[in-house]
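Coordinate inspection notes
The primary structure of each chain is shown beneath.
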Amino acid sequence: MTQRERQILQCIEADPMISQQKLADQLGITRSSVGVHIYNLMRKGYIAGKGYVLRSGSYAAVVGGVNMDIGGLAYGPLVAADSNPGKITMSLGGVGRNIAHNLCLMGVDVRLLTAYGDDVYGEKVSASCSETGIDITHALRVKGGTTSTYLFISGPDGDMAMALSDMAICDQITPGYLSSNLTVLQNAQVIVCDTNIPQESLIFLAENAKVPIFCDPVSTAKAEKLLPILSRIHTLKPNKLEAELLSGVPIHSHGDVEAAAKALLDKGVHRIFISMGADGMYAATAEEQLWLPNLPGRMINTTGCGDAAMAALVWAYLEGTDLHGSALAGLAAGSIAMESQQTINPAMSATALRNRMALA
């Protein structure tokens, strides 16, 4: 979808009865140009037919955090309470934004509902989303607000040792804000959310969304926000610690992982994908359960692997992939993600995913 086509689609979503002349006046183009763009949108499947009937499922809605990632990679073993030589990089991140960025690289149209400040980092958020194709038309820019920041330090092997996050602005992603964008949410084919947003907002989504909800628990500190809405979650992707917290099952073995997954399925989760680090991934529904090993890849930085894996689960769902293929896509995405110093590997794509999946 071109930028102009995206603008026209947004206008039609806001006012389905809008005329081509009014569209032309709003966008500063000719009526004939509007007609051409609408024809192209119909041909591409974004508009179902005359009367501007929009097809639901033309995009994924992501609700979550966006922030500036400041990362440090130590040249040698980390020494506590001391200055460690290394390389420092800055890039945009946040679980929600990272998932949205990966989805765009995979060819999925994305609407990101988030909150960010009007500071210098906020300018970078706006510019980067425009460049990458993430639609932030409906995002909340908070006047006088500070864009959230995530600081992480990795050892020489690229494995994260510690991180700090300042994401207070995510509290602005309230039920009221989501309610004002309910049409955007309801017209999506899938909603993806992270637990950086307030619990009451997650509950609002669970009670009002009519499309499948995919949830990333983010961390053990925030995962408990999902406890009241487990029965409304279509796809959940926790790691070991998050799965323990949400299921109430201590995990010490493969059998414990399977028991934790069953407990979550019994609570109403439709699909569960538990990331087990070096042990790969366990995926389960009520009808099917399977273990898959990790796919080969050169580890440089593991920070964005989980976000890439969640994006791939969404991509696979939109592609109509089964449980095995979805888990494989998640592992492939994590394998690709860790091969870049950046949180988002620019080499990510649907083709790259399929090629990596073929190595299984």
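Residues numbered from 1 in each chain as written. Predicted model: local features only at pLDDT ≥ 70, side-chain atom pairs only at ≥ 80, totals over all residues. Heavy atoms only, no water.

1. Digging into the environment of A188
Here is the rule we go by: Numbering of helices and strands runs from the N terminus, with a helix taken as a DSSP run of H or I at least four residues long and a strand as a DSSP run of E at least two residues long. Think of it in three bands: with a 1.4 Å probe and only protein chains considered, a residue is buried below 20% of the maximum accessible area for its type, exposed above 50%, and partly exposed in between.
Positionally, A188 belongs in the loop between α7 (182–186) and β11 (190–194). Look at A188 and you get buried, because its relative accessible area is 1%. Measuring from C-alpha to C-alpha, the distance between A188 and R111 comes to 8.7 Å, with 77 residues separating the pair along the chain.

2. Quick word on the sheet that holds strand β9 (residues 148–154)
Across a sheet, paired strands are connected by hydrogen bonds in the backbone, their directions being either parallel or antiparallel. This is how the line gets drawn: When DSSP finds at least two bridges between two strands, those strands are taken to pair. What counts as an axis is a line fitted to C-alpha atoms, over the stretch in contact for a helix, and the angles between N-to-C directions run from 0 to 180 degrees. Only heavy atoms enter the contact rule, under which two residues are in contact if any of them lie within 4.5 Å.
Spatially, the four strands line up as an open sheet ordered β5-β4-β9-β10, and their pairing is mixed. The open sheet has two edge strands, β5 (86–93) and β10 (160–166), and neither has a second partner. This sheet shows a mean twist of 15 degrees between the axes of neighbouring strands, independent of strand direction. Note: strand β4 (residues 67–74) against β5, eight bridges, orientation antiparallel. What sits directly across from A74, in β5, is G86. Across the sheet, helix α5 (residues 120–132) lies against β4, β5 and β9, angled at about 65 degrees from β5, the strand it touches most.

3. Remarks on the packing of aromatic side chains
The following threshold applies: Aromatic rings from Phe, Tyr and Trp, with only the six-membered ring used for Trp, were paired whenever their centres fell within 6.5 Å, and each pair was classed as stacked if the ring planes differed by under 30 degrees, edge-to-face if by over 60, and tilted otherwise. To sit over a ring, a charge needs its Lys NZ or Arg CZ within 6 Å of the ring centre and within 35 degrees of the ring normal.
If you walk through the whole model with that rule in mind, you get three aromatic pairs. Ring geometry for Y150 versus F152: centroids 5.8 Å apart, planes at 35 degrees, classification tilted. Seen from their ring centres, Y282 and W291 are 5.1 Å apart, and the 50 degrees between their planes marks the pair as tilted. Given the relative accessible area of 5%, Y282 is considered buried. We note R111 situated over the ring of Y59; from NZ or CZ to the ring centre the distance is 4.1 Å.

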